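Letter by letter, the chains look like this.
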Amino acid sequence: MQDYCCDPSHEHNVVTSGGKHAVALIDANPAHQKEVSDALLSFYEVDNYQSADDALTGLKASIPALILVGKKLASGGGVEFIYMVRHEPAFADIPIIYIVEQDDSKSAVSIAKAHAAGANDHLIKPYRRSMLINTISGQLNSQVERNWEILPQVQQEALKGTVSVFNGIADVISSGHPLPFGEVRNACAPLVEAINNHDFKGILNGVRDHDNYTYAHSMRVATLLSLFGHAAGLKGEDQMVLASGGLLHDVGKMLIPHHVLNKPGRLNEDELAIMKSHVPETVKYLQACADIPKAVLTIAEQHHEKLDGSGYPYGLKGAQLNELARMAAIVDIFSALTDRRVYKPPMEAEKALTIMTDEMSAHIDQHFLKMFKAMLLDAVG
Ligand SMILES: [Fe+2]
Ligand SMILES: [Fe+2]
């Protein structure tokens, strides 16, 4: 098997769009539809409709994750459409963003009516592409996070605490401003408690559709790594280190440009170098955080190393690989394969384990892999 950077799918020239959230755009203006479709191309699947009737039929056939509604539709207006959609039980919870032509008093009235009819947010033209993407992503995440409210208390605390830490890091990482490790530790405490009570499936399900890929991946790694530690007999601080190490292992990815991070298929040499830089970037950031346990740094530093020395960044071999990092590498590869990405749907767990056993035997600690499989069968299966 050739070298890979993070997601082993990046080794293959397989291009799919199965992992994207679907966004419906209802708008009378074909030029605006094209503009939005082009802007969202690499993030979301866009279904375009010009009339309210076509849209209602289409939405019933294929329910989107979010609806964008223009002020003018081919038949009727956007506000009436939002009102209709909100009265269909199947669409009651879908986030709706209303889009108006310009910032004037008429639009202000129209925006107020749209919110009263059930819109969650609005955009005023002309808006920047980043504004469109951030507004959609924010609404999708709010929707996912609202669903956490029905989970048991400890699982809610684990999800809310970790997403808040993650958002905090996203805000400061480019400035290098360090995060006190105590905050990460506090956020991971409910996660470890949920694992030890065998009450954690809601956490894994709760991040499945989160639109912040790096958060969703890191939280899955933190959960499975902490669970792995529990199965291996680790307790207390050791387990806490695994949970925190899992949550923080890829924070440097927040500095990787979207077109590289989410590229379908094989990365070229330059892109691979950029992607691999997430390891030194993560280590640099974590080293600046006061009180960070050495094992958390080691997990971040070594999670892409391979037993045969073909990993990165150091090409460590055999006994040079730390045991916690060996465990982290297994969980990281398993999570990357089974994550939903914009360019691929999630792979079945069984298929991922087969690939790891058959094609990665020179890279992965087989003793730990056997333990990991048994643990998954026992705890998740
Ligand atoms: Fe990584
Ligand atoms: Fe990772």
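All residue numbers refer to positions counted from 1 along the written sequence of the respective chain. Numbering of ligands from 1 and lettering of chains from A proceed in the order in which they are written. With the structure being a predicted model, the display of local features is reserved for residues of pLDDT at least 70 and the display and counting of side-chain atom pairs for 80 or more, all residues being used for whole-chain, interface and lining totals. In computing side-chain values, all of the structure's heavy atoms are included and hydrogens and water are not.

## Brief notes about the coordination of the iron ion (ligand 1)
Summarising the metal site, the iron ion (ligand 1) is bound by the protein donors Asp250 (OD), His278 (NE2), His303 (NE2) and His304 (NE2), whose distances to it range over 2.1 to 2.2 Å. Around the iron ion (ligand 1) sit four donor atoms, and with donor-metal-donor angles ranging over 84 to 172° the site reads as irregular. Going along the chain, you hit the donors of the iron ion (ligand 1) in the pattern D-x27-H-x24-H-H. Summary of the burial criterion: residues with accessible area below 20% of their type's maximum are buried, those above 50% are exposed, and those between are partly exposed, where the area comes from a 1.4 Å probe applied to protein chains only. A relative accessible area of 0% places histidine 278 in the buried class. The rule for donors is simple: an N, O or S atom within 2.8 Å of the metal counts, and for Na, K and Ca the reach is 3.2 Å. Water is not among the atoms, so a site may look short of donors. Angular criteria define each label, namely tetrahedral for four donors with all angles between 85 and 135 degrees, square planar for four and octahedral for six donors with opposite donors over 155 degrees apart and remaining angles between 65 and 115, and irregular for whatever fails these tests.

## Description of the coordination of the iron ion (ligand 2)
Protein coordination of the iron ion (ligand 2) is provided by His217 (NE2), His249 (NE2), Asp250 (OD) and Asp332 (OD), with donor distances spanning 2.1 to 2.3 Å. With four donor atoms in place around the iron ion (ligand 2) and angles of 84 to 176° between them, the coordination shape is irregular. Read N to C, the donor residues that coordinate the iron ion (ligand 2) are spaced as H-x31-H-D-x81-D.

## Observations regarding unusual backbone geometry
Geometrically, the link from lysine 125 to proline 126 is a cis peptide bond, its omega value of -5° lying close to zero. Only runs of H or I of at least four residues qualify as helices and only runs of E of at least two qualify as strands under DSSP, and these elements are numbered from the N terminus. Summarising the element assignment, proline 126 is placed in the loop between strand E5 (121-124) and helix H5 (129-146). Note the cis peptide between tyrosine 312 and proline 313, where omega equals 10°. Its place among the elements puts proline 313 in the loop between helix H14 (294-302) and helix H15 (323-338). Although it is not a glycine, histidine 198 adopts a positive phi angle of roughly 55°. Within the secondary structure, histidine 198 sits in the loop between helix H7 (181-196) and helix H8 (201-208).

## Comments concerning the pattern of salt bridges
By salt bridge we mean one thing: a side-chain nitrogen of Lys or Arg within 4 Å of a carboxyl oxygen of Asp or Glu. Enumeration according to the criterion identifies 10 salt bridges in this entry. As a salt-bridge pair, glutamate 101 and lysine 125 come within 3.1 Å of each other at their nearest N and O atoms. One end of the pair, glutamate 101, is in the loop between strand E4 (96-100) and helix H4 (105-117); the other, lysine 125, is in the loop between E5 and H5, with 24 residues separating them in the sequence. Judged by relative accessible area, which is 36%, glutamate 101 ranks as partly exposed. The class of lysine 125 is buried, set by a relative accessible area of 14%. Between lysine 284 and glutamate 281 there is a salt bridge, with the nearest N and O atoms lying 3.7 Å from each other. Placement of both lysine 284 and glutamate 281 in helix H13 (residues 278-287) is noted, with a separation of three residues, approximately one turn of the helix. Residue lysine 284 is classed as exposed on the basis of its relative accessible area, which comes to 55%. A relative accessible area of 27% places glutamate 281 in the partly exposed class.

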